[in-house]
Structures are given as C-alpha cells and as structure tokens.
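These are the residues of each chain, in order.
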Amino acid sequence: MRRTPHQPLLRILLTTLLLSLGMALAPSAGAAPAAAPVRIMPLGDSITGSPGCWRALLWNRLQNTGYKNIDFVGTLNQQGCAQAFDGDNEGHGGELVTNVANQNLLPGRLAASHPDIVIMHFGTNDVWSSISPDTILAAYTQLVQQMRASNPDMKILVAQLIPMNPSGCTGCAQRAVALNARIPDWARTTSTSRSPVTVVDQWTGFDTAGDTYDGVHPSDSGNEKIAAHWYPAVSAALDNSVPSDPGTPGGDPACTASLRVVSSWQGGYQGEVTVTNASTSPVNGWTATVIPASGAHLTQVWNGSLDTTADGKATVANASWNGTLAPGAGTTFGFTAATPEAGGTPSATVSCTARAAIT
C-alpha cells in the first residue's frame, strides 16, 4: 500500500517555505523614503508668465546639471516654448506687485503650492505706472512677510529688473534704474539667516534693442540671458535647501497688513488697516507702514501711534493694549488721510513688521 506524507509535517514544511520566501521578498525595514522635491515658484508678471521661455531654459539647464529632484510650482501653467519643461508658475500678465500686496493675493497662491524657493522678477508694470520705488519696495516687504508666514525657511531670490524702454513710456528706462538701485539695500535689511533674500542682477548685459521684441518683453536672446543669470543663484539655493513642512511651529514672527477704505469725501478719506499675526509664534508688538497714493498723507490715527516723514510715508506702532497677538490673531487701527483735489480713488500700500514675544 502507497504511503502518503504525514499531514501535520507537510503543513509545517509549506509554512516554513512561504515564510522564507516572504522574508526574501519583503523590502528592508531600514530603506529610506525618497526625498521630497524642492518646490520652486517663479513669481512675477508677463515677463515671468506667458510664455516665459526663460523658465524652460532654466528648468532644462538645472535638469542637465544634476538638479533633477525639483518641482516648479504655481497656479498657472503657460506653455508655448520650443522645449518641454515644468511650466507651473505665478507669472500673471499685467499684474502690479503693489496690487498683489494691496489685494492680499499672494497668501492663497502660496497655500496652493507651498514653495521652498521663490524666484521673483516683479515690478515692471509698477514702473510703467510711475509708482515710486518706496511704494514698490514696501510691497516687496509685504510679500516677503507672507512668504515667511507660509514657510519660515523660505529662500527668496529677487531680480533687479531687466531694462525697459518701450515706445509708449519715455520715463520707464530711468525709473527702472532708480528701482534697481534701491533693491540691494532693501534686500540687506530684509534678509535673515533662516530666510535669506538674494539679489539677482538681471540688468547687467541686457540690451532692450537686441534682447526684447518690444522694449519690455524678452526675445530669444533675452530669455537666454535671463535663464543664465538665474541659474547660479537658483543652483546655490538648491545646494543649501531642505524642503520643510509649511507652517512648521516656532517660525520667526511675521505679520500681514490689509487696507479697507471706510468712506471718502472731497479732499480726504477714512481707512482701516488690519494687522494679522501670520506666523506660528506669538507677537509682542508690531509696526505698520502706510504709504498713501496720489500725494495723500495721513492726518490722524487711532488705536496706534503715528509717525510721518516729509514724503507722506507713515509708520504706525501698536498701542499698549493691542500689540500682543497670538498666532493667527489680528487687530485694527483707523486713520484719516488728506488728498489733493484730483487725488483719484483712495488707496495706500500697507505692510508691517512684528516683534517676537519674550518667553
């Protein structure tokens, strides 16, 4: 009679075999997860946005030199260039950096993309609109504060604008020079060791006659130059960049400011500024800057202490009772402003700085 294997012994042998196979096929428990890509947001107007072929050149140069674990981010995705690339960006045609600040547009864009690095060429339309360097730089400051509120370790690259000499704006060329001359000092006072601000010279070596097709927007040679000027600064930022989770607790204190026009009349208006702690750290005091448009100047402030300069720039420090703000908390102060006879629609550029709470 033929004998059959003993059933319990067979089950033991099969179980041992399956377990050994499973152990051989299972991944190592110590395998490190893949590093998250470094998120880079190109920020600006049409020179950055549509089609923004310098972005394609920069992307591919980074890829070809070993910077492959990167992700260009933004809510826009204009293409139209001759080579494939990651087209995500925040280059909005016709946009003014002062409007982005005044209308508080950047926080939503940051929240959608969570960048680690921002590369910003912004202000051309403001120069065209005869907005002063003081006002443009105040808008830069507000945007930097919002970037740091989104990511306390944000690395920020800010361009000195490419030259501009359009036929319809005789003063644009010199106004661009005036703004560019102010950017390095602004960056030095704005930069921190945790969130450095790096100036990238996009002006030198750029010729509006040969490197633009209309005195403003880059031609093929202009795109090549812009990409070449961005590359060293972007690669340096990548060499020193470690992606971080947005909103990491313990970030430097930061605040945002927004303006609401309450009422207006012939020769003046009333405004209200909301100051918000946009960081994850408590704030123990704040100072807001208000730069009224069209020659207006502040005449009275309540819920704060007013100081003004001869050019109409005003700073408002917190009162004794509204300087302490928990993360996400806000407070308001009001003001009245006098305007010239033809002052236009009441408006002002507002920004703020914050002091850390003593713990």
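Each remark here, short or long, concerns the structure printed above.
Please read these numbers as outputs of a predicted model, since none were measured by experiment. (Residues numbered from 1 in each chain as written. Predicted model: local features only at pLDDT ≥ 70, side-chain atom pairs only at ≥ 80, totals over all residues. Heavy atoms only, no water.)

**Regarding the environment of Gly123**
Among the secondary structure elements, Gly123 is positioned in the loop between strand E4 (117-121) and helix H5 (124-128). The sequence separation of Gly123 and Leu96 amounts to 27 residues, and the corresponding C-alpha distance is 6.2 Å. In this structure, Gly123 is in contact with Asp45, Val97 and Leu161, ignoring residues within four places of it in sequence. (Helix = DSSP H or I, 4+ residues; strand = E, 2+ residues; numbered from the N terminus. Contact = heavy atoms within 4.5 Å.)

**Some remarks on the side chain of Asn318**
Looking at where Asn318 falls in the secondary structure, it is placed in strand E12 (residues 314-318). Contacts of Asn318, omitting those with residues within four sequence positions, involve Gly285, Trp286, Gly304, Gly323 and Arg355.

**Some remarks on the sheet that holds strand E9 (residues 283-292)**
In spatial order, the strands read E11-E12-E9-E14; together these 4 strands make up an open sheet with antiparallel pairing. Edge positions in the sheet fall to strand E11 (304-308) and strand E14 (348-356), since each has one partner strand and no second. Taking the axes of each pair of neighbouring strands and ignoring which way they run, one obtains an average angle of 20° across the sheet. Relative to E12, E9 runs antiparallel, the two being bridged by 4 bridges. Its bridge partner being in E12, Thr289 is matched across the sheet by Thr315. (Pairing = 2+ DSSP bridges. Axes fitted to C-alpha atoms, helices over the stretch in contact; angles between N-to-C directions.)

**Regarding the state of the cysteines**
A full pass over the atoms with the stated rule returns 3 disulfides. Between the sulfur of Cys53 and that of Cys81 lies a disulfide, 2.1 Å long from S to S. The S-S bond linking Cys53 to Cys81 shows a torsion near -105°; that makes this disulfide left-handed. Note that Cys53 is positioned in helix H2 (residues 53-64) and Cys81 in the loop between strand E2 (70-72) and strand E3 (90-91), a separation of 28 residues in sequence. Grouping residues by exposure puts Cys53 and Cys81 together as buried. Between the sulfur atoms of Cys169 and its disulfide partner Cys172 the distance amounts to 1.9 Å. Classification of the bridge connecting Cys169 and Cys172 rests on its S-S torsion, roughly 90°, and on that basis the disulfide is right-handed. Of the two residues, Cys169 and Cys172, neither departs from the other in class, the shared state being buried. Taken in sequence order, the bonded cysteines of the chain link in the pattern 1-2, 3-4, 5-6. (Disulfide = S-S within 2.5 Å. Buried < 20%, exposed > 50% of the residue type's maximum accessible area, 1.4 Å probe, protein only.)

**With respect to the packing of helix H6 (residues 133-150) against helix H7 (residues 172-190)**
Their axes nearest at 10 Å, the elements H6 and H7 cross at an angle of 35°. H6 and H7 meet at a crossing whose hand is right-handed. Seen from H6, the contacting residues are Pro133, Asp134, Ile136, Leu137, Tyr140, Thr141, Val144 and Arg148; seen from H7, they are Ala178, Leu179, Arg182, Ile183, Trp186 and Thr190. In terms of residue class, the contact of H6 with H7 is made up of 9 nonpolar, 2 polar and 3 charged. (Left-handed = near helix turned anticlockwise from the far one by under 90°. Nonpolar A, V, L, I, M, F, W, Y, C, P; charged D, E, K, R; others polar.)

**Quick word on the packing of H2 against helix H9 (residues 220-239)**
Between two packed helices, the angle of one axis relative to the other and the distance separating the axes together describe the packing. Two numbers describe how H2 lies on H9: the axes approach to 9 Å, and their chain directions differ by 45°. By the angle between their directions, the pair H2 and H9 is classed as oblique. By crossing handedness, the relation of H2 to H9 is classed as right-handed. Seen from H2, the contacting residues are Cys53, Trp54, Leu57, Leu58, Arg61 and Leu62; seen from H9, they are Asn223, Glu224, Ile226, Ala227, Ala228, Trp230, Tyr231, Val234 and Leu238. Partitioned by chemical class, the residues of the contact of H2 with H9 number 12 nonpolar, 1 polar and 2 charged. (Parallel < 35°, antiparallel > 145°, perpendicular 65-115°, else oblique.)

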